[in-house]
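Listed below are the residues making up each chain.
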Amino acid sequence: DEVLHVEDSPPKSFSKRRRLTGKQPPPMPNPFQPVTAAIEPIQPATSRKAGRRPKVQKVYIAMTGFVLEKGKRDQLQKIPGVNVVDEWSAKVTHVIAKGFRRTSKLMCAVCKGLHIVVPKFIDECITAGEIIDEKPFLLHDNMAEAAFAEKHQLPSFSLQTSVQRARSEGALLRNRSVYWTDGSEVEQRELKDLVVAAGGRWLKRKPRKLEAEVSIPKSFWLGHDFDPELLREAACTQVLRWDTYRL
């Protein structure tokens, strides 16, 4: 016969409650028990960043063709995020001009697709205490633009159309290199700024391989293969007329 060991004895009575371990769901409320505790209102969730101030957008404004009086300059720089600069740099976001003139700053601004506006824009920003919409203050100089088109034998020319072209089509000189040794130190610096603003590369040394004979060269030598006016005109129109300025 099979012997019954102690280990095989039948389990003890389950009259005692089992001790539950681990995380358990909350007990079900008794629907028949009246609610005596006050219900606290639900607080809206708050973000950790709610207490931080919104980031102020940096704006760099440069004048071209005129000097901004000190009083307005000081008032303009009191607007949060506004910086008034005297020289061209890659940080510039707005160029203020009274009319269309082929200054270095204006041509670089066109190549970068920046806001080119009239001085009244500054007055309105000072009054509002912030940078306002640029569209009502965009520079349109019909007489100067028509004269430019006639001088360069173009069917038409619009400064703001060129700005829009730069924004939609991208850098005019992307993937292109430019070499130039003529001109004064100032002219060298201005043309270098223009090339860089147009997305090109300014070469300090003559490249080993030039592509003057190619219809659309990747690298070229100004003053040797092409007239420097090629870039100055293209900075305004955002169109490179290779055949017109080939030497």
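Residues numbered from 1 in each chain as written. Predicted model: local features only at pLDDT ≥ 70, side-chain atom pairs only at ≥ 80, totals over all residues. Heavy atoms only, no water.

1. Focus: the overall build of the protein
Threshold: Secondary structure elements are taken from DSSP: a helix is a run of H or I of four residues or more, a strand is a run of E of two residues or more, and numbering for both begins at the N terminus. Relative accessibility thresholds used throughout: buried, under 20% of the residue-type maximum; exposed, over 50%; partly exposed, between the two (1.4 Å probe, protein chains only). For this analysis, residues touch if any pair of their heavy atoms sits within 4.5 Å.
The helix and strand tally for the protein stands at 7 helices and 7 strands. Walking the protein from its N terminus toward its C terminus, one meets helices and strands in the order β-α-β-β-α-β-α-α-α-β-α-β-β-α. The burial tally for the protein puts 37% of its 247 residues in the buried class. Contacts in the protein between residues far apart in sequence, at least 24 positions, make up 59% of those at least 6 positions apart.

2. Quick notes on the side chain of Lys105
Convention followed: Positive charges are assigned to Lys and Arg, negative charges to Asp and Glu, while His and the chain termini are left out of the count. Salt bridges are counted wherever a side-chain nitrogen of Lys or Arg sits within 4 Å of a carboxyl oxygen of Asp or Glu.
Tracing the backbone through its elements, the reader meets Lys105 in helix H2 (residues 104-112). One buried charged residue, Lys105, forms no salt bridge at all, with the nearest opposite charge on Glu87 at 5.7 Å. Setting aside chain neighbours within four positions, we find Lys105 in contact with Ala62, Met63, Thr64, Asp86, Glu87, Trp88 and Val95.

3. Thoughts on the environment of His152
The residue His152 is located in the loop between helix H4 (142-151) and helix H5 (159-169) in this model. On the basis of relative accessible area, His152 is assigned to the buried category, the value being 9%. Spatially, the C-alpha atom of His152 lies 8.2 Å from that of Glu233, the residues being 81 residues apart in sequence. Discounting residues that sit within four places of it in the chain, His152 has contacts with Arg102, Glu229, Glu233, Arg241 and Tyr245.

4. Digging into the sheet that holds strand E3 (residues 94-96)
Quick reminder of the rule: A pair of strands counts as paired when DSSP detects no fewer than two bridges linking them. With axes taken as lines fitted to C-alpha atoms, and helix axes fitted only over the stretch in contact, angles between N-to-C directions fall between 0 and 180 degrees.
Read from one edge to the other, the open sheet built from 4 strands follows the order E2-E1-E3-E4, with strand pairing classed as parallel. Because the sheet does not close on itself, it has two edges, and the strands there are strand E2 (82-85) and strand E4 (115-117). Across the sheet, the mean angle from the axis of one strand to that of its neighbour is 25°, orientation sign disregarded. As judged from the 3 bridges shared by E3 and E4, these two strands associate in the parallel manner. Within the sheet, the bridge partner assigned to His94 lies in E4 and is His115. In the packing of helix H1 (residues 70-77) onto the sheet, contacts are made with strand E1 (59-63) and E2, and the angle to E2 comes to roughly 145°. Packed on one face of the sheet, H2 meets E1, E3 and E4 and runs near 135° to E4.

5. A short note on the side chain of Gln188
So the rule is basically this: Whenever a nitrogen or oxygen atom comes within 3.5 Å of another N or O atom, the pair is scored as a polar contact, on the condition that within protein one atom can donate a hydrogen and the other can accept it, and that pairs from neighbouring residues in sequence are kept only if both atoms are in side chains.
Within the secondary structure, Gln188 sits in helix H6 (residues 185-197). When its relative accessible area of 18% is taken as the criterion, Gln188 is described as buried. From its side chain, Gln188 meets the backbone oxygen of Trp180 in a polar contact 3.2 Å long. Engagement of the side chain of Gln188 in a polar contact is seen with the backbone oxygen of Thr181, the distance being 3.4 Å. For Gln188, the contacting residues outside a window of four places in its chain are Trp180, Thr181, Asp182, Gly183 and Trp202.

6. Overview of the sheet that holds strand E6 (residues 201-203)
Ordered in space as E6-E5-E7, the 3 strands form an open sheet in which the pairing is parallel. Both edges of this open sheet fall to E6 and strand E7 (219-221), since each of them pairs with a single strand only. Taken over all neighbouring pairs, the strand axes of this sheet differ in orientation by 25° on average, direction set aside. Where strand E5 (residues 177-179) and E7 come together, 3 bridges link them in parallel fashion. Paired with Val178 across the bridge in E7 is Phe220. Docked against the sheet, H6 engages E5 and E6, running at close to 145° with respect to E6.

Purely geometric numbers; function is a separate question.
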